[in-house]
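Commentary on secondary and tertiary structure
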Amino acid sequence: MTLLENKIVCITGSSRGIGRACAVESAKHGATGLILHYFGDQETEAELQSLKEEIYVMTHNHCQVVGVPGEIADSETSQKIVKAGVEAFGRIDVLVSNAGICPFAEFLTMPHAIWERTRQVNLDGSFYVVQAVANQMKSQVPQGGSIIGLASISALVGGEFQCHYTPTKAGIVSMMQSCAIALGKYNIRCNAILPGTIATDINKEDLANEEKREYTIKRTVLGRLGAPDDIAGPMVFLASDLAKYVTGAQLLVDGGLFVNLQ
Ligand code: RM4
């Protein structure tokens, strides 16, 4: 199945976790070019290198990868991402706005710096990259594209140690709704994916608490935590022409965590 044949896919925060799984799945589905943003410290630099190699071997060099390091909360990074992508491939068909953080913290004592950093990365960063890539999608021939914002089940329900994080995820859902309206005339679709609890670096510490881990698994109808590639399939679907009439939608991918009240 090659649902993304000849497409150019751009992913932020791609070196690990959900972003990385989306990169691998895009390549598997025939994308010919990947613009992979990553943070750019030593760790993510090494991760990106290994991701590049993985994709090179998997696709027999069919999928070209351009890595773009940078602070996503800085709007210039988004300009760099578009520039590098257009230089290498001439266009961008898909954007997966994925880069995000969740430093779990207590509300009443939370330093404002944590709130600001979380908002800047998750919300400001998404805004900048969506705006920059949408302008490119508008200007290219043929015009259009698919934009996917990584929100969260946390856009719908709260978390005791996530008072700073959940509003950013609700914000991404809202951003995708309004952008769907603003960009529909340019044939740009905008949708949100709402992952449930996916075991990645973002919640490693949180899920190290055995009790919390077991509780989450118990609440999840499918009986397990999510893995990054559980999100990659739905991402490929929304990016592909199979979803050509889907815009402004929210796709909850949570193994049944949300509906399981009792
Ligand atoms: C999620 C949800 C998960 C948490 C992550 C960080 O969307 O709240 O439970 O592990 O955020």
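Our structure's up above, just so we're on the same page.
To start, this report covers the structure provided alongside it. In this numbering scheme, every chain counts its residues from 1 along its sequence in written order. Under the rules for a predicted model, residues below a pLDDT of 70 receive no local features and side-chain atom pairs below 80 are neither given nor counted, while totals for whole chains, interfaces and linings still include all residues. The side-chain values count all of the structure's non-hydrogen atoms but skip hydrogen atoms and water molecules.

Broken down by element type, the chain carries eight helices and seven strands. Taken over C-alpha atoms, the radius of gyration is set against a globule rule of 2.2 Å times the number of residues to the power 0.38. The C-alpha atoms of the chain give 17 Å as radius of gyration, which agrees with the globular expectation for 262 residues (18 Å, within 12%). For the C-alpha atoms alone, the extent of the chain along its principal axes is close to 50 × 40 × 35 Å. A burial count over the chain gives 50% of its 262 residues as buried. Once local pairs closer than 6 in sequence are excluded, the contacts in the chain between residues at least 24 apart make up 77%. Carbon and sulfur atoms provide 55% of the accessible area of the chain, an area that totals close to 12,600 Å². By the counting rule applied here, Lys and Arg register as positive and Asp and Glu as negative, while His and the ends of each chain are not counted. Positions of charges follow a simple convention, taking NZ of Lys, CZ of Arg, CG of Asp or CD of Glu. Computed over 21 positive and 27 negative side-chain charges, the inter-centroid distance for the chain is 7 Å. Each helix is a run of H or I in the DSSP string that is no shorter than four residues. Each strand is a run of E no shorter than two, and both are numbered from the N terminus. Exposed residues in this analysis have more than 50% of their type's maximum accessible area, buried residues have under 20%, and partly exposed residues fall in between, with area computed by a 1.4 Å probe over protein chains only. We call two residues in contact whenever any of their non-hydrogen atoms come within 4.5 Å of each other. Residue burial considers only the protein chains on display, and all accessible areas are found by Shrake-Rupley using a 1.4 Å probe.

When its volume is computed, the second largest pocket comes out at roughly 340 Å³. Put plainly, a pocket is an open set of points on a 1 Å grid over the protein atoms alone with protein on both sides within 12 Å along at least five of seven lines, a cavity is a set where a 1.4 Å probe fits but cannot get out, and a lining residue has an atom within 4 Å of a point. In terms of lining residues, the second largest pocket is bounded by 18 residues, among which Gly 144, Gly 145, Asn 187, Arg 189 and Asp 241 are the most central. Secondary-structure elements contributing two or more residues to the lining of the second largest pocket are strand 5 (145–150) and strand 6 (188–195). Side-chain classes follow a simple rule in which Ala, Val, Leu, Ile, Met, Phe, Trp, Tyr, Cys and Pro form the nonpolar group, Asp, Glu, Lys and Arg form the charged group, and the remainder, Gly included, forms the polar group. Class assignment of the residues belonging to the lining of the second largest pocket gives a composition of five nonpolar, seven polar and six charged. Grid points are joined across faces, edges and corners, and a volume is the space filled by probe spheres set on the points.

Attention now moves to helix 8 (residues 228–239). Expected span, for any helix, means 1.5 Å times one less than how many residues it has. Between its first and last C-alpha, helix 8 extends 17 Å over 12 residues, near the 16 Å set by a 1.5 Å rise per residue. Burial in helix 8 covers these residues: Ile 231, Ala 232, Pro 234, Met 235, Val 236, Leu 238 and Ala 239. Where helix 8 is buried, its residues meet strand 1 (8–11), helix 1 (17–28), strand 4 (94–97), strand 5, strand 6 and strand 7 (250–253).

To continue, consider the site of the ligand. Residues are labelled near a given molecule or strand when at least one of their non-hydrogen atoms is within 4 Å of it. Around the ligand lies a shell formed by Phe 104, Ser 152, Ser 154, Gln 162, Tyr 165, Thr 197, Ile 202 and Asn 203. Whenever a nitrogen or oxygen atom comes within 3.5 Å of another N or O atom, the pair is scored as a polar contact, on the condition that within protein one atom can donate a hydrogen and the other can accept it, and that pairs from neighbouring residues in sequence are kept only if both atoms are in side chains. Within the side chain of Ser 152, a nitrogen or oxygen atom sits 2.2 Å from an oxygen atom of the ligand. Between an oxygen atom of the ligand and a side-chain N or O atom of Ser 154, the distance comes to 2.8 Å. Residues that form the shell around the ligand fall into these classes: three nonpolar, five polar and no charged.

Interpretation note: all reported values are geometric properties and have no functional meaning in isolation.
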